[in-house]
Amino acid sequence: MTQIGTWLAGWVLALCGLAAHGGVQAQAAMDTLPLNAWLLRVHQAARQSVYTGTFVVSSSGGMASARIWHVCDGAQQLERVESLSGVPRAIFRHNDQVVTFFPQSRIAIAEVRESLGLFPNLLKSSDSSVGDFYQLKALGSERIAGFDAEIFQLSPKDQLRYGYRVWSEKKTGLIIQLQTLDLNNKILEQSAFSELQLGAVVNVAKLSRAGNTDGYRVVRPDLQKTTAEAQGWALQKPVDGFKPMGCYQRSANAQTGAEGTGQSTMQWVFSDGVATVSLFVEAFDARRHAREGATDMGGATHTLTRRMDNWWATAVGEVPLATLAAFTQALEHKK
């Protein structure tokens with residue numbers, strides 16, 4: 001699967017956080033709506049939506065598409081995402097339980113995702129400072145994928161994060177198109193429903209059976225909660241706006257289902273309430289870690305690697321390279 005296809009699978013899993021609750025109010029009201037309130041509505045809405053659709057992500061790195069079925073049955077969230085491009089893959093989610101199926105290898109990776117990757121990340125509490133780093137503006141309306149949509153722009157106040165242009169379906173508030181914008185307001189990446197059925201009739205029992213792993217070798221990655229301090233790591237200086245969201249220790253086979261090597265990787269996750277950055281730290285291996293530096297993954301995603309004595313650090317995120325550099329330069333080992 002291409003990198004953009006990998007990104008697509010992760011993004012659509014987080015789509016349940018990308019719709020506003022209760023629809024859009026008048027233009028004048030939106031002009032004065034506090035940013036945090038808007039983001040909270042965005043975060044909650046699709047949890048209450050039932051829909052099916054075809055989702056497409058495009059960037060300079062290529063194009064990928066997936067078919068999505070999403071159901072909210074009371075407190076239960078059910079979702080199936082089936083890749084329509086690249087290596088065949090399907091993702092089934094029941095609340096925080098996620099199973100990724102690879103039909104060609106007959107491997108299923110079962111894991112708990114918790115809130116990793118949800119958009120926005122920090123808006124579970126009222127003390128979010130996201131408004132210090134972004135500003136919201138209503139831009140008007142447009143018809144997208146057969147639906148009337150309101151357009152909003154989320155603009156950064158500094159050079160450490162990207163901006164976003166969002167199309168929200170007028171009646172339900174569901175996000176139907178999203179553009180990631182660079183520091184010059186040019187489109188880096190666009191994701192949108194090319195076809196969408198809101199309020200679609202979805203057979204919950206049938207959708208639930210999509211998580212059946214019969215006939216697959218089930219791999220359960222060894223992912224354990226920890227703290228950066230416990231692992232001997234810290235940031236000399238925090239990166240403006242980004243707060244730690246969690247820290248995990250994962251086995252070397254966590255993403256592939258291959259036999260482990262006995263080594264592990266620490267993943268330290270940060271968010272400013274909209275964008276997310278992950279710091280991965282592992283033991284240096286000259287066979288795998290050949291060159292330090294930046295890699296453009298296509299679209300808005302970048303990676304930056306750095307060797308630190310016997311350690312290898314990788315920063316990944318949909319942020320400018322300068323932001324990843326701030327993280328890697330501030331990272332220090334305490335033990």
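Please refer to the structure placed before this passage.
Before going into details, it helps to say that this report is about the structure given with it.

What counts, and at which threshold
- Residues numbered from 1 in each chain as written.
- Predicted model: local features only at pLDDT ≥ 70, side-chain atom pairs only at ≥ 80, totals over all residues.
- Heavy atoms only, no water.
- Buried < 20%, exposed > 50% of the residue type's maximum accessible area, 1.4 Å probe, protein only.
- Helix = DSSP H or I, 4+ residues; strand = E, 2+ residues; numbered from the N terminus.
- Pairing = 2+ DSSP bridges.
- Phe/Tyr/Trp six-rings, centres within 6.5 Å; stacked < 30°, edge-to-face > 60°.

### Some details on the pairing of strand 20 (residues 311-317)
- For strand 20, the tally of buried residues reaches five of seven residues, placing the bulk of the element in the interior.
- Bridging between strand 17 (residues 276-283) and strand 20 involves seven bridges; their strand directions are antiparallel. Within the sheet, the bridge partner assigned to glutamate 282 lies in strand 20 and is tryptophan 312.
- Where strand 19 (residues 302-308) and strand 20 come together, seven bridges link them in antiparallel fashion.

### As for the pairing of strand 5 (residues 97-102)
- Pairing of strand 4 (residues 90-94) with strand 5 involves five bridges; the strand directions are antiparallel. From the neighbouring strand, alanine 90 faces strand 5, where its bridge partner is phenylalanine 101.
- Count of turn residues in the strand 4/strand 5 antiparallel hairpin: two residues, of which asparagine 95 carries a positive phi of about 55 degrees.
- Relative to strand 6 (residues 107-112), strand 5 is paired through six bridges, and the arrangement is antiparallel. Bridge assignment links glutamine 97 to a residue of strand 6, and that residue is valine 112.
- Hairpin geometry of strand 5 and strand 6 is characterised by an intervening segment of four residues between the two adjacent antiparallel strands and by a positive phi of about 60 degrees at arginine 106.

### A closer look at the packing of aromatic side chains
- For the structure shown, the criterion picks out eight aromatic pairs.
- Between tyrosine 51 and phenylalanine 193 the ring centres are 5.9 Å apart and the planes differ by 80 degrees, which places this aromatic pair in the edge-to-face class. One end of the pair, tyrosine 51, is in strand 1 (residues 51-59); the other, phenylalanine 193, is in strand 11 (residues 187-198), with 142 residues separating them in the sequence. Considered together, tyrosine 51 and phenylalanine 193 belong to a single accessibility category, that of buried residues.
- Taken together, a centroid distance of 4.9 Å and an interplanar angle of 50 degrees make the contact between phenylalanine 270 and phenylalanine 327 tilted. Remark: phenylalanine 327 occurs in helix 5 (residues 321-330) and phenylalanine 270 occurs in strand 16 (residues 264-271); sequence separation between them is 57 residues.
- In this structure an aromatic cluster arises from ring pairing among Phe242, Trp268, Phe270 and Phe327.

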